[in-house]
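Architecture at a glance
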Amino acid sequence: MQRKAPMDRDDASKTKEELLRELQHLRAELNHFQFQERRPDRPRSTTQELRHISAKLEDVQHQYRFNQAFLEAVFDNIPDMIFVKDARHLRFLRMNRAGCELLGLNEEELLGKSDFDFFPAEEASFFTDNDRAVLATGKLVVIPEEPIHTKSRGTRYLQTKKVPIFHHETGEPMYLLGISEDVTEQKQIALELKRTNEELEQRVKERTQELSEAVAQLHKDIIERERTAAQLRASQKLNEVILDSLPTGICHINAREEILQANAKALEHFQETSTLQLQRSMRRIESRTVWEDLTPCKREELPGRLAFSTGKPQGPLTIGHRRQDGSLVWALYSAVPVTDPDTEEITGVIVSFLDITEWKQREAERKSFEAKLRHAQKLESLGILAGGIAHDFNNLLVGILGNADLALHDLQEETQATRRIQQIVEAATRASDLTKQMLAYSGRGKLQIHAVHISKLTEEISHLLKASIPRTVELHTELEYNLPCVEGDPTQLQQVLMNLLTNAAESYEGKSGTVTLRTGQTELYYRGVTDTFTGTEMDTGRYVFVEVQDHGRGMSKETQARIFDPFFTTKFTGRGLGLAAVLGIVRSHNGMIKISSEENQGTLFTVFFPVSDQEATKRPSTPPSVEILNEADWQKATILLVDDDRVVRSVARNMLESMDFNVLLAEDGVVGLSILKEQKDNIALVLLDLTMPRMGGLETFEAMRAIHPTLPIVLCSGYSQEEVVANFAQHNISGFLSKPFTRKQLRSKLLTALGESHLSKREE
């Protein structure tokens, strides 16, 4: 009788129960054969029956080898470390290829040895204590982080799942199964399984050879086959446990593109309930796959198909799949071919994949946050630059405005020269307004803080708002009056409204349209709402908001990223610091800005301000009166002027001398202190700059007060009064003079400070 050809794929799909029934049938035939041997009248057909039984045994053997090859391929290609220990001594019985590579050892070095043979005693005790705990509880235990010192790769960190495997009859734990995922290198997710069972296969071959040698060995071989079948059932059960315990999806696909097996993670990823349902949905799933650049992925480019056509492992490749609800999930795919152990023919592929959707989302969020952070840093740098330029520019304007003002004071008659000088004064004043905008952009502008009702403020300046936009654009207001107040500078809040409305009106480019201005309040119960341009999260709490909406041409993403840059414009000529100043003012008020815009769809600006507990205050129409002594009372008084800018010293000196003051000059704080020590009793007042080399304004102020505690000191700076006063909150300053200044402004500040000093002495 000739040997039967290798099994086809239908034979390979026989179940464990069918194999067991065949073995039982063979045993019955053997018993019948032995009975016939003892009969004296038995027919002479022993050889034929032996050949028949041997052929059937070979079929069973082939089935067993095929199943073992499948398990071998799965176990060999799992990228996580998988090991099996005996329950009694906790010695290694099996270790897959990934585990051997991780430990830097081969399987032969590991078999029959324990953790104490490879790891430090403390580390080995940690492993074995966990093993004993698993065997004692009889349940799956997950160890989130397990440090391990490997031979070739140093210290690694593993996330390990350990589960006991029980004897199918006694229920006693026989083995300990461990699955360890290397979480040290998250991006390397190569999924390969390996399982080697050469010793068992050799025993099967030896038993098969013994069948042809003697009838006496046949019964023994059948018993061995029964034991092998039991091991096969246990191995298949172990395979199911391993596959469903993996954090990766596994699919076994045959040459006819049929899914033979899919583990729980694969079904979960594709939102299917069974392997059959997944098979039915495969065409639809493949048609919705995309690469990382969102271009469609062709079916022949999928890793599984490439592995089958080339006979080589494929991947890992990042591929996205769009679900029926439109959501996009991502996974890292790999595929390895499965071959018939006898014919070396490729019978299918094993596709493995790891869901990286959450990681991709975190990566996208990280890149978005970094972009916003870079933009915020750029704005902050520009703000610092703007503040510094404004300060230095104010010093230059002192020379221009001060000298022009002195010239007007000297020229009493109205002439062509005086009119030209007046134009210089007006130009310098406008330049000073520009520096105020720069200070507003940098968040260092002059603030007069009041409790402001946004809706009432909007109503009060409605005529100004309407006048600031073209007649072709209609202003529509939706104001809520039942609002709490915000703490802010009404003038600067008015500038925010004017700039936003002007920007919205210009979006219509001369065409007719409507701009809507809304006010309201909201409450944030959770963090997560972020500023559009800084990425900063808004604190929870109550906010008053202002919305300015248009339906003009809208903005692209590139334009939105730059609209708050100083002097940026989409027009042919610059528009100054309009929106840049808005950003600075909002930041100085602890507010946030959100913007929503699409090209040809319009734009919506929303500005949030924290709610104030104060009631709205009415701004005084006229400043309060201050006692100012007669200028004649202080003629020939000595003023010490401390400023590092030569032009400022020259202009201020000329102004002071024109008012009949004696003037002492110092180019920095060190020289100023030296002069004060020498002429302490002669100096009536100090005019002190804040930004100087060698010794700054605050340090100089404190040193002068230590020398002369009651001496009036007026601070002078190109920065805002509020910023200066905040830095000198613990000190008693006599006044503040903002650069640039006129002779009239300087005179008023000095006489006020001298008057307060005189009043204080009189009260003493």
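Let us look at the structure shown here. (Residues numbered from 1 in each chain as written. Predicted model: local features only at pLDDT ≥ 70, side-chain atom pairs only at ≥ 80, totals over all residues. Heavy atoms only, no water.)

Along the chain, the position of Ala703 falls in helix H21 (residues 697-707). Between the C-alpha atom of Ala703 and that of Gly669, which follows or precedes it by 34 residues, the distance is 9.2 Å. (Helix = DSSP H or I, 4+ residues; strand = E, 2+ residues; numbered from the N terminus.)

A word on the sheet that holds strand S4 (residues 154-166). With antiparallel pairing, the 5 strands of this open sheet are ordered in space as S2-S1-S5-S4-S3. The sheet is open, and its two edges are formed by strand S2 (92-95) and strand S3 (141-150), each paired on a single side. Going from strand to strand, the sheet's axes swing by 30° on average, the running direction of each strand aside. Bridge count for S4 against strand S5 (residues 173-182) is 9 bridges, and the pairing is antiparallel. Bridging across to S5, Lys162 finds its partner in Gly178. Those strands touched by helix H6 (residues 121-137) are strand S1 (81-86), S3, S4 and S5, and its axis lies near 155° from that of S3. (Pairing = 2+ DSSP bridges. Axes fitted to C-alpha atoms, helices over the stretch in contact; angles between N-to-C directions. Contact = heavy atoms within 4.5 Å.)

On to the packing of helix H20 (residues 669-678) against H21. H21 packs onto H20 with a crossing angle of 10° between their chain directions and a minimal axis gap of 10 Å. Judged on the interaxial angle alone, H21 and H20 are roughly parallel. Touching Gly669, Gly672, Leu673, Leu676 and Lys677 of H20 are Thr700, Ala703, Met704 and Ile707, all from H21. For the contact of H20 with H21, the per-class residue count stands at 5 nonpolar, 3 polar and 1 charged. (Parallel < 35°, antiparallel > 145°, perpendicular 65-115°, else oblique. Nonpolar A, V, L, I, M, F, W, Y, C, P; charged D, E, K, R; others polar.)

Okay, the environment of Thr522 next. The topology assignment puts Thr522 in strand S15 (residues 513-524). Placed 19 residues apart in sequence, Thr522 and Gly541 show a C-alpha to C-alpha distance of 8.5 Å. Among all residues touching Thr522, those that are not within four sequence positions of it are Gly541, Arg542, Tyr543, Phe545 and Phe608.

Looking now at the nonpolar core. Membership of the largest hydrophobic core comes to 36 residues, with the highest contact counts inside it found for Leu500, Leu501, Leu517, Phe564, Val582, Ile593 and Phe605. For this core, the elements supplying multiple residues, two or more each, are helix H14 (454-460), strand S13 (473-478), helix H16 (490-506), S15, strand S16 (541-550), helix H18 (578-588), strand S17 (592-598) and strand S18 (602-612). Element by element, the count of residues in this core is highest for H16, at 7 residues. (Core = buried A, V, L, I, M, F, W, Y, C linked by side-chain atoms within 4.5 Å. Buried < 20%, exposed > 50% of the residue type's maximum accessible area, 1.4 Å probe, protein only.)

So, on to H20. What H20 keeps buried is the set Gly669, Gly672, Leu673, Ile675 and Leu676. One face of H20 carries all of its buried residues, which in axial projection span an arc of 165°. Facing away from the buried side of H20 by more than 90 degrees, the exposed set consists of Lys677 and Glu678. At its buried positions, H20 is contacted by strand S19 (638-642), strand S20 (662-666), strand S21 (683-689) and H21. Backbone nitrogen of Val670 and a side-chain oxygen of the N-cap are separated by 3.1 Å at the start of H20; the cap is Asp668. (Arc of directions from axis to C-beta. Polar contact = N/O pair within 3.5 Å; in protein donor to acceptor, adjacent residues only side chain to side chain.)

Moving on to the pattern of salt bridges. Tallied over the full model, the rule gives 21 salt bridges. Arg299 is paired through a salt bridge with Glu257; the nearest N and O atoms lie 3.6 Å apart. Of the two residues, Arg299 sits in the loop between strand S8 (289-290) and helix H11 (303-310) while Glu257 sits in the loop between strand S6 (249-254) and strand S7 (259-262), which places them 42 residues apart along the sequence. Judged by relative accessible area, Arg299 falls into the partly exposed class, the value being 27%. Between Arg518 and Glu547 there is a salt bridge, with the nearest N and O atoms lying 3.3 Å from each other. Here Arg518, found in strand S15, pairs with Glu547, found in strand S16; they are 29 residues apart in sequence, far enough to count as distant. (Salt bridge = Lys/Arg side-chain N within 4 Å of Asp/Glu carboxyl O.)

Looking now at the packing of aromatic side chains. If you walk through the whole model with that rule in mind, you get 8 aromatic pairs. A centroid spacing of 5.5 Å and a plane angle of 65° characterise the contact between Phe270 and Phe353, whose relative ring orientation is edge-to-face. Of this pair, Phe270 sits in the loop between helix H9 (264-269) and helix H10 (275-287) while Phe353 sits in strand S11 (residues 346-355), and the two are 83 residues apart along the sequence. Under the relative-accessibility criterion, Phe270 is labelled buried at 10%. Ring geometry for Tyr543 versus Phe608: centroids 6.3 Å apart, planes at 85°, classification edge-to-face. In this pair, Tyr543 is assigned in strand S16 and Phe608 in strand S18, connecting sequence segments 65 residues apart. Here Tyr543 matches Phe608 in class, with each residue buried. By way of ring pairs, the aromatic residues Phe118, Phe119, Phe126 and Phe127 are connected into one cluster. Sitting over the face of the ring of Trp330, Lys360 holds its NZ or CZ atom 4.6 Å from the ring centroid. (Phe/Tyr/Trp six-rings, centres within 6.5 Å; stacked < 30°, edge-to-face > 60°. Lys NZ or Arg CZ within 6 Å of the ring centre and 35° of its normal.)

The subject of this paragraph is H16. The first and last C-alpha atoms of H16 sit 24 Å apart over 17 residues, in line with the 24 Å expected at 1.5 Å per residue. Of the residues making up H16, those classed as buried are Pro490, Gln492, Leu493, Gln494, Val496, Leu497, Asn499, Leu500, Leu501, Ala504 and Ala505. (Expected span 1.5 Å × (residues − 1).)

This part covers the sheet that holds S11. Working definition: the strands of a sheet are paired by backbone hydrogen bonds and lie parallel or antiparallel to each other. If you trace the 6 strands from one edge of the open sheet to the other, you get S7-S6-S11-S10-S9-S8, paired in antiparallel fashion. Looking at the sheet topology across the chains shown, the edges are occupied by S7 and S8. Examined bridge by bridge, strand S9 (residues 314-322) and strand S10 (residues 328-339) share 7 bridges and lie antiparallel to one another. Looking across to S10, one finds that Ile319 is bridged to Ala331. Lying on the sheet, H11 is in contact with S9, S10 and S11; it crosses S11 at an angle near 150°.

What follows covers the pairing of S1. Along a regular strand, successive side chains alternate from one face of the sheet to the other. Across the 6 residues that make up S1, a large majority, 6, are buried. Burial of the side chains of S1 extends over both faces: Met81, Phe83 and Lys85 are buried on one face and Ile82, Val84 and Asp86 on the other. Sheet topology note: the S1/S5 ladder contains 6 bridges and is antiparallel. From the neighbouring strand, Ile82 faces S5, where its bridge partner is Ile179. Alignment of S1 against S2, held across 3 bridges, turns out to be antiparallel. By the bridge assignment for S2, Lys85 is matched with Phe92. If you look at the hairpin formed by S1 and S2, you'll find 5 residues sitting between the two strands, and Leu90 has a positive phi there, around 55°.

A few words now on a nonpolar patch on the surface. A cluster of nonpolar side chains, namely Leu93, Met174 and Tyr175, defines an oily patch on the protein surface of about 230 Å² accessible area. Relative to the helices and strands, Met174 is located in strand S5. (Patch = residues over 30% accessible without salt bridge, like charges linked within 9 Å, V, L, I, M, F, W, Y side chains within 5 Å. Areas by Shrake-Rupley, 256 points an atom, 1.4 Å probe, with all protein chains shown as cover.)

Another point: the environment of Val336. With respect to the helices and strands, Val336 occurs in strand S10. As a C-alpha pair, Val336 and Leu306 span 30 residues in sequence and 9.3 Å in three-dimensional space. Discounting residues that sit within four places of it in the chain, Val336 has contacts with Asn77, Ala307, Pro313, Gly348, Val349 and Ile350.

By themselves these figures say nothing about function.
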